[in-house]
Amino acid sequence: MIMPRFYYQRGKTSDRDWVEDKMLHIPAAERQEAADEYERKYMVRRGGDRRGANEWLYDLAKKHWEAKNGK
């Protein structure tokens, strides 16, 4: 599974499972590009832009899910 190298992790709280779930909706051929873009968006500011990166990934996964399921 291709995943972004950077995502929110603090103690036991993590976005890893959420990110992995969204990445599964993206076609395999596009996952590396999506992971790279997620990292870029996440690291855009000094402290990271978790919300912006997660919203972008959610929208991309939703677009692919809807295309696949005819919505």
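Scroll up to find the structure this text is about.
Here's what I pulled together on the structure shown here.

So, how was this worked out
Residues numbered from 1 in each chain as written. Predicted model: local features only at pLDDT ≥ 70, side-chain atom pairs only at ≥ 80, totals over all residues. Heavy atoms only, no water. Helix = DSSP H or I, 4+ residues; strand = E, 2+ residues; numbered from the N terminus. Rg over C-alpha atoms; globule rule 2.2 N^0.38 Å. Buried < 20%, exposed > 50% of the residue type's maximum accessible area, 1.4 Å probe, protein only. Lys, Arg positive; Asp, Glu negative; His and termini not counted. Salt bridge = Lys/Arg side-chain N within 4 Å of Asp/Glu carboxyl O. Polar contact = N/O pair within 3.5 Å; in protein donor to acceptor, adjacent residues only side chain to side chain. Contact = heavy atoms within 4.5 Å. Axes fitted to C-alpha atoms, helices over the stretch in contact; angles between N-to-C directions. Parallel < 35°, antiparallel > 145°, perpendicular 65-115°, else oblique. Nonpolar A, V, L, I, M, F, W, Y, C, P; charged D, E, K, R; others polar. Expected span 1.5 Å × (residues − 1). Core = buried A, V, L, I, M, F, W, Y, C linked by side-chain atoms within 4.5 Å.

Regarding the overall build of the protein chain
Scanning the protein chain from N- to C-terminus turns up three helices and two strands. The order of α-helices and β-strands along the protein chain, N terminus first, is β-β-α-α-α. The C-alpha radius of gyration of the protein chain comes to 12 Å, within 12% of the 11 Å expected for a compact globule of 71 residues. Dimensions of the protein chain along its principal axes, counting C-alpha atoms only, are 40 × 25 × 20 Å. Within the span of the protein chain, comprising 71 residues, buried residues form 31% of the whole.

A word on the side chain of Arg31
Its location among the elements puts Arg31 in helix α2 (residues 28-42). The side chain of Arg31 is buried and forms no salt bridge, while Glu20, the nearest opposite charge, is found at 9.0 Å. There is a polar contact of 3.0 Å between the side chain of Arg31 and the backbone oxygen of Met23. With residues near it in sequence (within four places) discarded, Arg31 still touches Met1, Ile2, Met23, Leu24 and Ile26.

A short note on the packing of α2 against helix α3 (residues 50-69)
The N-to-C vectors of α2 and α3 enclose an angle of 155 degrees; their axes lie 8 Å apart at closest approach. When the interaxial angle is binned, α2 and α3 end up roughly antiparallel. Along its contact with α2, which presents Glu30, Ala34, Glu37, Tyr38, Lys41 and Tyr42, the element α3 presents Arg50, Ala53, Asn54, Trp56, Leu57, Leu60 and His64. Considering only residue class, the contact of α2 with α3 consists of seven nonpolar, two polar and four charged.

With respect to α2
In this model α2 runs 21 Å from its N-terminal to its C-terminal C-alpha over 15 residues, within 8% of the 21 Å that 1.5 Å per residue would give. Close packing links the buried residues of α2 with α1 (16-24) and α3.

A word on the nonpolar core
Within the largest apolar cluster, 12 residues are counted, these being Met3, Tyr8, Val19, Met23, Ile26, Ala34, Ala35, Tyr38, Tyr42, Ala53, Leu57 and Leu60. Looking at this core, the element that brings in the most residues is α2, giving four residues. Ignoring sequence-local partners within four residues, the contact set of Leu60 consists of Ile26 and Ala34.

Note that every value here comes from positions in space, so none of it alone points to a role or purpose.
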